[in-house]
Amino acid sequence: MLDITNLHAGIDGKEILHGVDLHIGTGEVHAIMGPNGSGKSTLANVLAGRPRYEVTEGQVLYEGKDLLTMLPEDRAREGVFLAMQYPVEIPGVNNIYFLKAALNAIRKHHGEEELDAMEFLQLAREKMKLVDLDESFMNRGVNEGFSGGEKKRNEIFQMAVLDPKLAILDETDSGLDIDALQVVARGVNTLRSEKHSVLVITHYQRLLKYLVPDFVHVLADGRIVKSGGKGLAEELEQKGYEWIEQEVAAAR
Amino acid sequence: MSELREQAAQRFAQLGWPTPELEEWKFTNVAPITRVNWRADGQARVDDLGASMRASALAELVFVNGHLRDAGGRAAGVEVLPLSKAGSHPAIANHYARYADYQRHPFTALNTANAQDGALIVVADGRAVEGFIHLLFIGHGDGIWSHPRNLIVVGRAAQVAIVETYIGTGNYFTNAVTEIVASESAIVDHYRIEREAVDAFHVGTVQIHQERSSHVTSRHVALGGGLVRNEVNVALAGEGANLTLDGLFVLADSQHIDNHTVIDHVKPHCDSLELYKGILDGKSRGIFDGLIIVRPDAQKTNSRQVNRNLLLSESAIIDSKPTLEIQNDDVKCSHGSTIGQLDEEAMFYLRARGISEAEARRLLIYAFASEIVDRMKIEPVKEQIRSAMARFRP
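Residues numbered from 1 in each chain as written. Chains lettered and ligands numbered in written order. Predicted model: local features only at pLDDT ≥ 70, side-chain atom pairs only at ≥ 80, totals over all residues.

**Regarding the overall build of chain B**
Okay, so step 1: When helices and strands are tallied, chain B shows seven helices and 20 strands.
Okay, so step 2: The globule rule puts the C-alpha radius of gyration for 394 residues at 21 Å, and the 20 Å found for chain B is close to it.
Okay, so step 3: Taken over the C-alpha atoms alone, chain B extends approximately 65 × 55 × 45 Å along its principal axes.
Okay, so step 4: Each of the 394 residues in chain B was classed as buried or not, and the buried ones make up 51%.
Okay, so step 5: Residue pairs at least 24 apart in sequence account for 81% of intrachain contacts in chain B once pairs closer than 6 positions are excluded. (Helix = DSSP H or I, 4+ residues; strand = E, 2+ residues; numbered from the N terminus. Rg over C-alpha atoms; globule rule 2.2 N^0.38 Å. Buried ≥ 20, exposed ≤ 12 C-beta atoms within 10 Å, placed from the backbone. Contact = placed C-beta atoms within 7 Å.)

**With respect to the nonpolar core**
Okay, so step 1: Of all hydrophobic cores here, the largest spans 185 residues; its most connected members are A167 and I168 of chain A together with I121 and V154 of chain B.
Okay, so step 2: Here this core takes eight residues from helix α6 (residues 357-373) of chain B, the largest share from any one element.
Okay, so step 3: Both domains that furnish three or more residues to this core are identified here as domain 1 (2-341) and domain 2 (343-394) of chain B.
Okay, so step 4: In this structure I168 of chain A touches A44, L47, A48, F81, L82, A83, L199 and I201 of chain A, once residues within four positions along its chain are discounted. (Core = buried A, V, L, I, M, F, W, Y, C linked by C-beta atoms within 7 Å. Domains from an automatic or database assignment.)

**Re the sheet that holds strand β6 (residues 80-83) of chain A**
Residue and element names in this part refer to chain A.
Okay, so step 1: Strand order in the open sheet made by the six strands is β6-β9-β10-β3-β11-β12, with mixed pairing throughout. Bordering the open sheet on either side are β6 and β12 (223-228), each of which pairs with just one other strand. The mean inter-strand angle of the sheet, taken between neighbouring strand axes irrespective of direction, is 20 degrees. (Pairing = 2+ DSSP bridges. Axes fitted to C-alpha atoms, helices over the stretch in contact; angles between N-to-C directions.)

**Here we look at the interface of chain A and chain B**
Okay, so step 1: Contact with chain A, which involves 19 residues of that partner, is made by 17 residues of chain B.
Okay, so step 2: Going through the elements one at a time, α2 (72-77), β7 (90-94), α3 (95-109) and α5 (148-162) of chain A are the ones with two or more residues in the side of chain A that touches chain B.
Okay, so step 3: When the residues that make up the side of chain A that touches chain B are grouped by side-chain class, the tally is 14 nonpolar, two polar and three charged. (Nonpolar A, V, L, I, M, F, W, Y, C, P; charged D, E, K, R; others polar.)

**Here's the deal with helix α1 (residues 40-48) of chain A**
All names here are of chain A.
Okay, so step 1: Of all nine residues making up α1, eight are buried, and the element is well covered by its neighbours.
Okay, so step 2: The set of residues buried in α1 consists of K40, T42, L43, A44, N45, V46, L47 and A48.
Okay, so step 3: Two residues or fewer after α1 comes G49, characterised by a positive phi angle close to 85 degrees.

**As for the environment of A91 of chain B**
All names here are of chain B.
Okay, so step 1: Structurally, A91 can be placed in helix α3 (residues 90-95).
Okay, so step 2: The exposure class of A91 is partly exposed, given the 18 C-beta atoms found within 10 Å.
Okay, so step 3: Each C-alpha atom of the pair A91 and V232 lies 22 Å from the other, and the pair is 141 residues apart in sequence.
Okay, so step 4: Apart from residues lying up to four places away in sequence, A91 is in contact with L120, V122, L151 and V153.

**Concerning the domain arrangement of chain B**
All names here are of chain B.
Okay, so step 1: Each assigned domain of chain B is listed with its residue range as follows: domain 1 (2-341) and domain 2 (343-394).
Okay, so step 2: Domain 1 and domain 2 are separated by 26 Å when their C-alpha centres are compared.
Okay, so step 3: In this complex, domain 1 contributes 18 residues to the contact, which on the side of domain 2 involves 14 residues.
Okay, so step 4: Among the elements that make up the side of domain 1 that touches domain 2, the one with the highest residue count is strand β10 (residues 187-195) (four residues).

**Observations concerning the pairing of strand β9 (residues 166-170) of chain A**
All names here are of chain A.
Okay, so step 1: Of all five residues in β9, five are buried; the element is thus mostly enclosed.
Okay, so step 2: On β9, burial covers both faces: L166, I168 and D170 on one face and A167 and L169 on the other are all buried.
Okay, so step 3: Sheet topology places β6 next to β9; four bridges connect them, and they run parallel. Looking at β9, one finds that F81 is bridged to A167.
Okay, so step 4: Examined bridge by bridge, β9 and strand β10 (residues 197-202) share five bridges and lie parallel to one another. Looking at the pairing, D170 lines up with I201 of β10.
Okay, so step 5: Remark: the β9/helix α6 (residues 178-191)/β10 crossover connection has right-handed handedness. (Right-handed = clockwise from strand over helix to strand, strands pointing away.)

**Focus on α5 of chain A**
Residues and elements named next belong to chain A.
Okay, so step 1: In this model, α5 (15 residues) spans 21 Å end to end at C-alpha, consistent with the 21 Å of a helix rising 1.5 Å per residue.
Okay, so step 2: Burial runs high along α5: 11 of the 15 residues are buried.
Okay, so step 3: Among the residues of α5, K152, R153, N154, E155, I156, F157, Q158, M159, A160, V161 and L162 are the ones counted as buried.
Okay, so step 4: The inward-facing, buried residues of α5 contact β6, α3, α4 (117-130), β9 and α6.
Okay, so step 5: A positive phi of about 50 degrees marks D163, the residue just after α5. (Expected span 1.5 Å × (residues − 1).)

**What to know about the packing of α3 of chain A against α5 of chain A**
Residues and elements named next belong to chain A.
Okay, so step 1: Across the interface, α3 lies against α5 with an axial gap of 10 Å and an inter-helix angle of 35 degrees. The element α3 and its partner α5 pack so that their crossing is right-handed. Counting all contacts with α3, which are made through L99, A102, L103 and I106, the residues of α5 involved are Q158, V161 and L162.
Okay, so step 2: Here the contact of α3 with α5 is composed, by residue class, of six nonpolar, one polar and no charged. (Left-handed = near helix turned anticlockwise from the far one by under 90°.)

**Looking at unusual backbone geometry**
All names here are of chain B.
Okay, so step 1: In this structure, A157 takes a positive phi of about 55 degrees despite not being glycine.
Okay, so step 2: The backbone phi angle of S185 is positive, close to 60 degrees, even though this residue is not glycine.
Okay, so step 3: Note that S185 resides in the loop between β9 (173-182) and β10.
Okay, so step 4: Owing to 21 C-beta atoms within 10 Å, S185 belongs among the buried residues under this scheme.

**So, the packing of α4 of chain A against α5 of chain A**
All names here are of chain A.
Okay, so step 1: Orientation of α4 relative to α5, taken along the N-to-C sense of each, is 135 degrees, at an axis distance of 9 Å. Relative to α5, the element α4 is oriented oblique. You can see that α4 and α5 cross each other, and the crossing is right-handed. Where α4 approaches α5, its residues L123, A124, K127, M128 and L130 are matched on the opposing element by F157, A160 and V161.
Okay, so step 2: Grouping the constituent residues of the contact of α4 with α5 by class yields seven nonpolar, no polar and one charged. (Parallel < 35°, antiparallel > 145°, perpendicular 65-115°, else oblique.)

Have a look at this one:
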């Protein structure tokens, strides 16, 4: 599904990722953990195509295609979804109108018939239940006046509607209470299947209790320094990131 | 009336055309208007350019080059007459040219001297009119000027909604004056939609006089015209009066639109809320010059003035000059202005969900305007604005 090879990238002329290698197979859930400043969000943003991030070396293949030369909207249409760390408020753009436009742009891209208002509403209602979002949210501006937790749930709601092949969650768990955490995990677990891959980026292990990954990677100083199974997350939780940093330093 | 015309003509001769040396005109040079040898035209017949709202309005008057062409509809409790046939109406004697000051404003003097026709709307005391009245002014032809003149008198505790639309084809000049009187406890919802031809000149003056506890909402949308000056002057002349003044101006190419507003808090306990939003593209130039005056007697004034602008091109220019002039210290007043580009974060967010860059741009531009458009209460007016903004429409 996704092959990242020797990825060097940064922002404003400063390199943050110093050669990331990562392979995500179809149907797999990967977690990337790491301390603040390790480059986790840079990786997420580069994959989604956020402007101002520059790739200086390496390549990213998504379903065999060069992801980095694709426009952000084309990445989305091909099935890449980024649940943002800080979802932006867009007053005046209606939540439901926006999501319908997005879904229909994706459907059109795949030569599928666009959904009409009724069909879309039916789909949206079903997915809203999944994330415990009240219907009144749908007629407000995108994320307008939403609490932090509501914004994150809206991201997962959008993910559920758009049904991406590769979902990237950028610290979706930060600032959430246990209930909201479970809602997020439920949303992702529902998406989980042989055809869907998930990349969870997180600082803490707690989301991974509910959303059990197949693989865990540790990102430190712009490189993946350790990979393992779900047990690695628990080990990190007990020993802290310093343990990794010391181990990496010793290996050098 | 003829005496008034004569006085106004003399006054215009004294005042002359305004020049940029005047503080009130420093952003706008009307020289291109003064160079044309304008003439009036009472003969032109044109269609309504799709701007008629006959199907939904209670009553509609249509003027071409300032002359009445068509009148239709009626509503109980409200008189809608062409001024040319309303000379003996008591409202003329009591109110006409009492508020729009031709002694001070050259274009008001020019209008008062040359007005061909316009509407007189009188709403009886206590009468709440359901629906709206439409006044449509069509300019047509090159070198033609017109001076539409309207007087709207809303009685005590009466309620009415009135829409003015300005549209046309050619290189013409429309110089319109509308006086609105909101009597005690009256509720007025006023719309002014300026969609003149790209080569046209437009000077519009709206003069609002509010008495005790009256509520006026006046909404000014400027979309057309090559060189446009829109003046709105409001006197809050009775205690507890309430004003909402909304503006939306959307410019492209080399359009020039100058919005000049004065809100005069004369009496205590009045509220005014002013929001003007500008969208500027191409090499256009927009101006927001807004003054709020709080007189010494106007204690407990509550006033807020905001101008927000969205610049879509590097060549577009906006001058924003919100001004407060407060003459007593028992008031709550604020003002502010912002100038910005499309929000990069919002653009990325929309695109990251599969929406194209062009579509995302349109969505965000339209969203910026929607704050003004969405709170309008007349659906056909919203529809007109949406269709006039079609190039931004998602």
